[in-house]
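# Examination of the molecular architecture
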Protein chains: 2
Amino acid sequence: MPFAFEITAQDAKSAARVGRLVTPHGTVETPVFAPVGTQATVKTLSPQELRDLGVTLVLCNTYHLYLRPGVEVIARLGGLHRFMAWDGPILTDSGGFQVFSLAQFRKLTDEGVVFRSHIDGSEHLFTPEKAVYLQEQLGSDIAMCLDECPEPLDREVNLRALERTHAWAVRCREAHTRPDQALFGIVQGGVFSDLRAASARFLAGLDFPGYAIGGLSVGEPKALTWPALEAAIDHLPADKPRYLMGVGTPEDILEAVERGVDIFDCVFPTRTARNGALLTRRGRLNIRNACFADDPRPIEEGCTCYTCRTFSRAYLRHLMRAGEVLGLRLATLHNVHFLLRFAEEVRQAIREGAFLQFKEAFLATYEPPSEERRLENLQARLRRRT
Amino acid sequence: MPFAFEITAQDAKSAARVGRLVTPHGTVETPVFAPVGTQATVKTLSPQELRDLGVTLVLCNTYHLYLRPGVEVIARLGGLHRFMAWDGPILTDSGGFQVFSLAQFRKLTDEGVVFRSHIDGSEHLFTPEKAVYLQEQLGSDIAMCLDECPEPLDREVNLRALERTHAWAVRCREAHTRPDQALFGIVQGGVFSDLRAASARFLAGLDFPGYAIGGLSVGEPKALTWPALEAAIDHLPADKPRYLMGVGTPEDILEAVERGVDIFDCVFPTRTARNGALLTRRGRLNIRNACFADDPRPIEEGCTCYTCRTFSRAYLRHLMRAGEVLGLRLATLHNVHFLLRFAEEVRQAIREGAFLQFKEAFLATYEPPSEERRLENLQARLRRRT
C-alpha cells in the first residue's frame, strides 16, 4: 500500500493535529503548506531550491498542463515528476476550479463542463472521467475529483451544485485506476453548514483516502468560512487527511489548523512576492516603498533564508524597481521559506500541546491586511488568475 | 600593490596567451569571459550561482547604476560588491557607451556629454572626472576612462573623436584616486588601423595598468574588425591586460584571443538565452522550435551544467512558451556555463601550445549565424539596448 496517513500528535485544547502522510514519492509531515507550481514550476524557483527550502509537497494545475504542454506529452516524457524534475510528492487539482474561474466560456451539464481555453480560445470538455484520466497521465501522488465550484453565498445554487458534485465524485471513484495515486473527494456546500455536513457525510460514505474542502475562502466573509469548515470536518473521518484548497495566509492557516485541517496550498507566498510584498512576523512589508532605498537590513532579522542571509532591503528594492528577475526569485524564496518555517512552528506547537498559545503569540505581532484590503486583493487576484 | 598581471603561458603559433590578473577581490585567469550584470545583477542568476558556474569577473554598467539606484546609495551600503553580494572582481564601464547608444539626447563638448535618462528623461552631464568619481563610488576593481564612441566607419568623425577621447583619458588619469581600483585607458579609432595604432601609442604613453579596445564589433564588417584590433594590440605593451569591450560570441573570442586579447564581456550568452537561443558545440539551438516538444534529451549531451543534468529540452521549451521565469534562469545558466567552459578550454589549449588546433576543431562543428543574420541580430539588439 503506497499510501498511509498516521496522526502522530494531537493538540490538547483544539482539533489541531500533526500527521505523517506517506506517498509513493515521500513522506509529508502535516499540517503542510504546498506551494503552487501551476505550469509545472513553482514560479521563479528551481526544484533544487524547493528541496533546499524544505518543501515536501507541490501542487500543480491540471487545467494549465492539459492546455500546455498537454498531458500526453508529459506522460511520454515519464510523468510530471520527471518532467519538472521534482521527485517529491505532487498534488494535482482536477482542473474544475480553473474552468469555473479562468476559462472564458462554459456550458455545464451533468455530463461535464465545456470551456474555452484562456490561451487560444479553443473549446474543450472536462468530464469526471477525463479529469481522472488527465491526472493519471500526469501521475501525481494525490489527485482530486472533478467538482462544481459555485459562488459560496447562494443556497439554491449550492444545493443543486452539490448533487452534481456528488454524482461526479462517484464517477471519478469508479474511473480511477492508478494504485500509486490517491484520489481525494471534495466537500462543497458554500457557506451553509448543513450542506457542508451533508456533503462530508456523502463523500465519507465513498471511503476516499483523503478529503478536500473546496469553495471556501473565495471572497465570502471570514465569519461564514469557519463554521462551514467546522461542519464539514465534523462529518469527515478523523483518520483521513483533510485538505483545505487554495488557503494559505498565515492567519487562515491558523484558523483551519485549529479546526483539524492537514494540507494547504496557495499562490499567496509566491504571488505576493512577485508584487513586492514580503512576509515578516509583523505582517507584510512592501519592498518597493521609498523608505527601504537605503536600508541595509535583511527583510527580517534572524531569518535564515538565502535572501535574508545575503541581501539588503535596499538591494531587493532596487531589483524590484529595475524589473530584474533576481528580485522576483529572492522575494519568492523568502516568502516560501517564511510559510514553511511557519508550518514547522505550527507542527512543533501542536506536538508540545501548545497550539493555541502559538496562535495567540503569532497573531499578537502579525498584522494581516484589513478585511477591506483583503477583498481588494482577492478581487485583483480573481481578475488576474492564471 | 593590489594589482598585478602575469603572463603564464604563451601560445607557440599565435599571440594567444594565458595570464593571471590579480585584483583586490581575487585572481582572474585570462582569457576570461565576464558576464554582464547591467543593473548589479547578471540577469536571472544569483551571485551563488555565478560562483558555482566558475565566473571570476562580472561587468556592471555605470550608466544604469548612476541612474538607478544611484552610486551614492551603493556607496553608503558599502560599495557595489556588498550591494550585489558578489565578492569577486568587478569591472565597470565608464557609462560612455550607454550615453552614446541608449540615452535619448546628447550634447557633446570637450567638457563632457549631456544626455537624457532613458528612464525618466531627466538631463545629466558626464565628464571624465565624473565618470571616474562614479566608478570610485561603486568601488569596482577595474574602471574605464570616459571615451567618445563614434560610428566606426567614418574616418573624419573618428579622427576628431580620438582627440577628445585622448584628452579625456588624461583627465581621467588625473582624477583617479583609488589605489584599490585599476583604471584602464580605452583605444578608439574605428576601423582605421593608423588611428588605432596612434591611439594605442598615445594611451600606452600614459602608462595605464591595462587597456580596453572599444568601438569594435559594433556592426562593421568583420573583415575590418580584426585588422583594426591587430593595429591596436601591436602598439600596446605586451605585459598589460587587454580588454576587447562588448565582444563575446565564441567565434569572435577565438579571433581576438588569437591576436592577444585577455578580457571579454558581452550580453551575448545572457540575452540570447532569454530569447530561447541555447549554445551548443554545433551552434545555437532555438528551444522554442516545435521539434523539441517531445525531446527528452538535455540541451547538449555531456554538458555538466545544472540545466543539462536535470531537465529535458521538452521541459525547457514548455517553460519558455509558458513565459516562466525558471525557463529564463535555466537557459541563462546553460549559456553562461557554455561560455565559461569554452574560455577554460581556450586557456587549456594555449597552455598546451595548441590554440590554433583548438580554434580549428571548434569552428569545424560550431556554426555561427550567417553575416546577414548577425547584422539582423545586432540591429535588433541596438534597438532594444537596455
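Residues numbered from 1 in each chain as written. Chains lettered and ligands numbered in written order. Predicted model: local features only at pLDDT ≥ 70, side-chain atom pairs only at ≥ 80, totals over all residues.

## Comments concerning the interface of chain B and chain A
The condition that has to hold: Here, residue contact means that the backbone-derived C-beta atoms of the two residues sit within 7 Å. Going along the chain from the N terminus, every DSSP run of H or I of four or more residues is numbered as a helix, and every run of E of two or more is numbered as a strand. Basically, the charged four are Asp, Glu, Lys and Arg, the nonpolar ten are Ala, Val, Leu, Ile, Met, Phe, Trp, Tyr, Cys and Pro, and anything else, Gly included, counts as polar.
The interface of chain B with chain A comprises 30 residues on the first partner and 30 residues on the second. Of all the elements in the fold, those that place two or more residues in the side of chain B that touches chain A are helix H3 (71-76), helix H4 (80-84), helix H13 (313-321) and helix H14 (325-351) of chain B. Of the residues contributing to the side of chain B that touches chain A, the split by class is 17 nonpolar, seven polar and six charged.

## Remarks on the nonpolar core
Rules: Connectivity within a nonpolar core runs through C-beta atoms within 7 Å, and the core itself is a set of buried Ala, Val, Leu, Ile, Met, Phe, Trp, Tyr and Cys residues. Backbone-placed C-beta atoms define the burial measure: a residue is buried with 20 or more other C-beta atoms within 10 Å of its own, exposed with 12 or fewer, and partly exposed in between.
Formed by 236 residues in total, the largest nonpolar core has its most connected members in Phe 184 of chain A together with Phe 184 of chain B. When near neighbours in sequence (up to four residues on either side) are disregarded, Phe 184 of chain B contacts Ile 142, Met 144, Cys 145, Phe 208, Gly 210, Tyr 211, Ala 212 and Tyr 243 of chain B.

## What to know about the sheet that holds strand S2 (residues 17-23) of chain B
All names here are of chain B. For clarity, the threshold we go by: A pair of strands is labelled paired if DSSP reports no fewer than 2 bridges between them. Every axis in this analysis is a line fitted to C-alpha atoms, fitted for helices over the stretch in contact. Angles between the N-to-C directions lie between 0 and 180 degrees.
As summarised here, the arrangement of the three strands in space is S1-S2-S3, forming an open sheet in which the pairing is antiparallel. Of all strands in the sheet, those with a lone pairing partner are strand S1 (4-10) and strand S3 (26-30), marking the two edges. Averaged over all pairs of adjacent strands, the angle between their axes in this sheet comes to 15°, without regard to strand direction. Pairing of S1 with S2 involves six bridges; the strand directions are antiparallel. Directly across from Gln 10, in S2, lies its bridge partner Arg 17. Against the sheet, H14 contacts S1, S2 and S3, and its axis sits at roughly 120° relative to S2.

## A short note on the environment of Phe 358 of chain A
All names here are of chain A. You can see Phe 358 is positioned in helix H15 (residues 355-365). Residues Phe 358 and Ala 75, spaced 283 residues apart in sequence, show a C-alpha to C-alpha distance of 44 Å. Other than its neighbours up to four places away in sequence, Phe 358 contacts Glu 345, Val 346 and Ala 349.

## A look at the relation of the copies chain B and chain A
Mapping between the two copies of the chain is achieved by a rotation about an axis and a shift along the axis. The criterion, for reference: Superposing copies: least-squares fit, C-alpha atoms only, residues required to have pLDDT of at least 70 in both.
In the superposition of chain B on chain A (RMSD 0.0 Å, axial shift 0.0 Å), the rotation amounts to 180°. Taken together, these values place the two copies in the relation of a two-fold axis. Residue Val 325 of chain B of chain B places its C-alpha closer to the rotation axis than any other residue of that unit, at 3.6 Å. In this assembly, 100% of the residues forming the interface of chain B have copies in chain A that are likewise at the interface, indicating an isologous arrangement.

## As for the sheet that holds strand S3 (residues 26-30) of chain A
Residue and element names in this part refer to chain A. In spatial order, the strands read S1-S2-S3; together these three strands make up an open sheet with antiparallel pairing. Each edge of the open sheet carries a strand with a single partner, namely strand S1 (4-10) and S3. Adjacent strand axes in the sheet meet at a mean angle of 15°, parallel and antiparallel pairs treated alike. Across the face of the sheet, helix H14 (residues 325-351) comes into contact with S1, strand S2 (17-23) and S3 while running at roughly 120° to S2.

## Section: the environment of Leu 53 of chain B
All names here are of chain B. Position of Leu 53 relative to the elements: it lies in helix H1 (residues 47-53). Spatially, the C-alpha atom of Leu 53 lies 25 Å from that of Gly 260, the residues being 207 residues apart in sequence. With near-sequence residues (within four places) excluded, Leu 53 lies in contact with Val 336, His 337 and Leu 340.

## Things to note about the pairing of strand S9 (residues 123-126) of chain B
Bridging between strand S8 (residues 113-116) of chain B and S9 of chain B involves four bridges; their strand directions are antiparallel. In the sheet register, Val 113 of chain B faces S9 of chain B, and the bridge partner there is Phe 126 of chain B.

## Some thoughts on the domain arrangement of chain A
Residue and element names in this part refer to chain A. For the record, the criterion: For the domains described, the bounds stem from an automatic or database domain assignment.
Segmenting chain A into domains produces domain 1 (4-272 + 371-384) and domain 2 (273-365). One C-alpha centre belongs to domain 1, the other to domain 2; they are set 26 Å apart. Counting from both sides, the interface comprises 29 residues of domain 1 and, opposite them, 28 residues of domain 2. Top contributing element to the side of domain 1 that touches domain 2 by residue count: helix H10 (residues 250-258), with five residues. A breakdown of the residues in the side of domain 1 that touches domain 2 according to their chemical character gives 15 nonpolar, five polar and nine charged.

## Section: the packing of helix H10 (residues 250-258) of chain B against helix H15 (residues 355-365) of chain B
Residues and elements named next belong to chain B. Heads up, the condition is: Each angle receives one of four descriptions, namely roughly parallel if under 35 degrees, roughly antiparallel if over 145, roughly perpendicular if within 65 to 115, and oblique otherwise. Handedness of each helix crossing follows the sense of rotation of the near helix against the far helix: counterclockwise by less than a right angle gives left-handed, clockwise gives right-handed.
Here H10 crosses H15 at 165°, and the two axes come no closer than 11 Å. The angle between H10 and H15 places the two elements in the roughly antiparallel class. H15 is crossed by H10, and the crossing has left-handed handedness. Contacts from Pro 250, Glu 251, Leu 254 and Glu 258 in H10 reach Phe 355, Lys 359, Phe 362 and Leu 363 in H15. Partitioning the contact of H10 with H15 into residue classes produces five nonpolar, no polar and three charged.

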